[in-house]
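Each chain, written out:
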Amino acid sequence: MNKIGFRIYRFKEGPSVGLTVNEGDWTKKVVDIRDILKLYNSEDESKFAMFMSFSENGAYITIARAISGRGGDNTAAWIYIPNNIEVTGNDIIPIIEVVKEELSASKSNVERLTQIFNKDYRTTESADYMPSSSEKIFAKRDVGFYPLKDIIGEKRYQPIYSNYNVILIKDMDGMEIVDKNITDLSSEKMVETLVFCPPVKQDLPNGVTVHFNTSGYPLFNKPVRVYKSKHINLVFKRIGFEDIPYMDSVEENDQICGVPRFDWKKSISRDQFKVVAAHDSNVDLTDDATITVNNVELKWHQPILISEHDGQQAKVRFSVNGYEPAEEYIDLLHAATSITVKLHRAERAQSWKIELANGHTAVMDLRSKYLSGDKYESPIKGYSREDGVLRYTNFGVFKQRAIGFLMAVATFVVICLGVALFEWFDNHNFEWQLGWPPLKVEKIGSYKAESSTPTESYSNNDDETTPSDQSSVNEDGSLSKAIAYLDNEAGVWQRDSLIKYPELVGLFEELNSYEFSKILNRDSKLRESKNFKKICDAININSGKQFNGNFCGEGDYSITVSNYEKKLNKPVDQPKASANGGVASEAAKKAQKSSSNTPASQKTPVNNPTKEQKPKRGGV
């Protein structure tokens, strides 16, 4: 707002608001002033009380007169001057005179007042005032030491006023101030305050900020109100560079802070560098290193300043005794916080006495970057230093041979472990299952003929041999176990379990593919098994039926005796018998007859292997 605000506030048997010109948020500060009028002698209704108060955004000049009625009844005019317009003492004095006239009249001239407060004033940058205190502490200024146009004009705002609730103004026609506890500021020096603005962004390089050079370095980023001609100490800051101090003097309103000539300097210290050995980064050489920046040596706790221009390509040299010096051009303005440099060992020369094969000594010169600095340690492998002479030692050779032997032993052990592990893996079945453990491991049975080949243990129809007594004993023991398994309580035959018994090898495949002739050939040997007898009886009863495919589904390796028997007894559609009376039936009858008439010792199982058999591994 670039106008002066005005409101008439009347209190007679209660508050009432009169004329308001240029209404805004400022009217919220217009309050009942009866408590303030108690500071005056208000019996003379022709006299006026005048006082000032302040908010952050402007100054309030209040002119009031007592009116007839109850004690404290009054009519007050509030004049609001925003802090962003220039209103001089010569501008405000005529306004106050008109306001006093209108307050004294029986009826205010609304048109006249409206016209006065519609004037536009020159705007300035807004700088906050320090608002008046909320505590009921009062001060006064008598007109005389300073003229009224200074008190309510350009010097109306004084920072000291923020310590008080209102500043009472006693002029010639004003009410008499009767309260003796009011602080008198009449002789207090008055200085004009001006608006001081920070530099414009275009004048500041990127990353540069302006701060007041006071405790905490508050940021100067918005206009402030300061005393005229006061020297303001500022500091310009930039991250990574030394601060640049600057002082400015404020002589006019809305003055913009000046900008110095920037000569930024960066502080460089030894703490920014770390020197290590190239062959071993754990060897820290920083304490022993000599570091120079642009030919200026860096010392501990004594940083140096280099200009922004020189720091962009600074020549930094590193040197350590016993190492090759290094010289680099580094941008110290944008370098990392810690700069690590690796130095390579310098070439060294040493002379050693060495024992020859004939027992005499000779002097040998060694030159290398990798020579140790220890003059008591032998530089040649396999030699030791004794009495200043390098002598060959057998321990070095023995050590090398011992290491080679141990490596060979270790390699052999690893190979043996690998072979054993492979063999164990090859002899076990692995199957995932629900429950614990999730991986079922089962050893695969290995079967060998006990003391004779299959042709010696069994006989076919053309050749008969008699096995030895020991073989018969072994066979009988194995057969009884096989029959016990066939008659297990569950009545389920697992393929992996069947192949554990030599007499049952191949039985699962014969049952699965309905090879009835081969199954019946086993009857003479397995007839003691009740379950096997059920299968044979079912085969004989249903020998005329045709069965195709496999009994077990894919991935199924178990046969339930009852289910198999039901499958055989289940009626199926059969084609009419052929003219020869049914080949399958005849073959089954002949096989049954041959089985019943042939001694057990003369039968050769059809599926009996001719050599040692190792069943194939199952799997998941």
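Quick note: structure is the one above.
Residues numbered from 1 in each chain as written. Predicted model: local features only at pLDDT ≥ 70, side-chain atom pairs only at ≥ 80, totals over all residues. Heavy atoms only, no water.

> Now, about the overall build of the chain: what can you tell me, with residues and values included?
Across its full length, the chain carries 15 helices and 32 strands. Counting every position in the chain, which comprises 620 residues, the buried fraction comes to 39%. Counting only contacts in the chain whose residues sit at least 6 apart along the sequence, the fraction spanning at least 24 positions is 61%. (Helix = DSSP H or I, 4+ residues; strand = E, 2+ residues; numbered from the N terminus. Buried < 20%, exposed > 50% of the residue type's maximum accessible area, 1.4 Å probe, protein only. Contact = heavy atoms within 4.5 Å.)

> An account of unusual backbone geometry is requested, with residue identities and associated values reported.
The residue Asn 294 is not glycine, and still its phi comes out positive at about 50 degrees. Mapped onto the secondary structure, Asn 294 falls in the loop between strand 19 (290-293) and strand 20 (296-297). Of note, the phi angle at Tyr 514 is positive, near 60 degrees, even though the residue is not glycine. As for its placement among the helices and strands, Tyr 514 is situated in the loop between helix 10 (507-512) and helix 11 (516-521). Given the relative accessible area of 8%, Tyr 514 is considered buried.

> Tell me what's going on with the pairing of strand 14 (residues 231-238), and back it up with residues and numbers.
Two elements, strand 12 (residues 208-212) and strand 14, share five bridges in a ladder whose sense is antiparallel. Across the sheet, His 211 pairs through a bridge with Val 235, a residue of strand 14. Hairpin connection of strand 14 to strand 15 (residues 244-249): five residues between the antiparallel strands, including Gly 240 at a positive phi of 90 degrees. (Pairing = 2+ DSSP bridges.)

> For the pairing of strand 22 (residues 314-319), give the residues involved together with the corresponding values.
Burial along strand 22 is one-sided: the face carrying Ala 314, Val 316 and Phe 318 is buried and the face carrying Lys 315, Arg 317 and Ser 319 is not. Taken together, the four bridges between strand 19 and strand 22 define a ladder with antiparallel strand orientation. The partner of Ile 291 across the bridge, within strand 22, is Phe 318. Pairing geometry for strand 22 and strand 23 (residues 326-330), over five bridges, is antiparallel. Across the sheet, residue Val 316 finds its bridge partner in strand 23, namely Glu 328. Once strand 22 ends, the chain turns through six residues before running back antiparallel as strand 23, passing Gly 322 with a positive phi of about 90 degrees.

> Any details on the packing of helix 13 (residues 530-541) against helix 14 (residues 561-569)? Residues and values, ideally.
Packing of helix 13 against helix 14 leaves a shortest axis separation of 9 Å and a crossing angle of 10 degrees. As far as their axial angle goes, helix 14 and helix 13 are roughly parallel. Residue-level inspection shows Asn 531, Lys 534, Ile 535, Ala 538 and Ile 539 of helix 13 in contact with helix 14, the latter providing Val 561, Tyr 564, Glu 565, Leu 568 and Asn 569. In the contact of helix 13 with helix 14, the residues fall into six nonpolar, two polar and two charged. (Axes fitted to C-alpha atoms, helices over the stretch in contact; angles between N-to-C directions. Parallel < 35°, antiparallel > 145°, perpendicular 65-115°, else oblique. Nonpolar A, V, L, I, M, F, W, Y, C, P; charged D, E, K, R; others polar.)

> How would you summarise the nonpolar core if you had to cite specific residues and measurements?
Soluble globular proteins tend to bury their nonpolar side chains together. Ile 4, Phe 6, Ile 79 and Ile 92 are the most contacted members of the largest nonpolar core, which has 39 residues in total. Only strand 1 (5-11), strand 2 (15-21), strand 4 (49-55), strand 5 (58-66), strand 6 (74-82), helix 2 (89-104), helix 4 (148-151) and strand 8 (166-170) provide two or more residues apiece to this core. For this core, the element with the most residues is helix 2, which contributes six residues. Apart from residues no more than four positions distant in its own chain, Phe 6 is found in contact with Leu 19, Thr 20, Val 21, Trp 26, Ala 77, Trp 78, Ile 79, Val 99, Leu 113 and Phe 117. By size, the runner-up hydrophobic cluster in this structure holds 28 residues, among which are Leu 504, Phe 508, Ile 559 and Leu 568. (Core = buried A, V, L, I, M, F, W, Y, C linked by side-chain atoms within 4.5 Å.)

> Give me the environment of Lys 29: which residues, what numbers.
Mapped onto the elements of the fold, Lys 29 is located in the loop between strand 2 and helix 1 (34-37). Separated by 51 residues in the primary sequence, Lys 29 and Tyr 80 have C-alpha atoms spaced 9.9 Å apart. If we skip the residues at most four places from it in the chain, Lys 29 touches Ser 55, Tyr 60 and Trp 78.

> Residues and numbers for the sheet that holds strand 11 (residues 193-197), please.
Here three strands make up an open sheet; going across it, the order is 13-11-16 and the pairing mixed. On the outer flanks of this sheet lie strand 13 (224-227) and strand 16 (255-256), each paired with one strand and no other. Sheet topology places strand 11 next to strand 16; two bridges connect them, and they run parallel. The residue of strand 16 that forms the bridge with Cys 197 is Ile 256.

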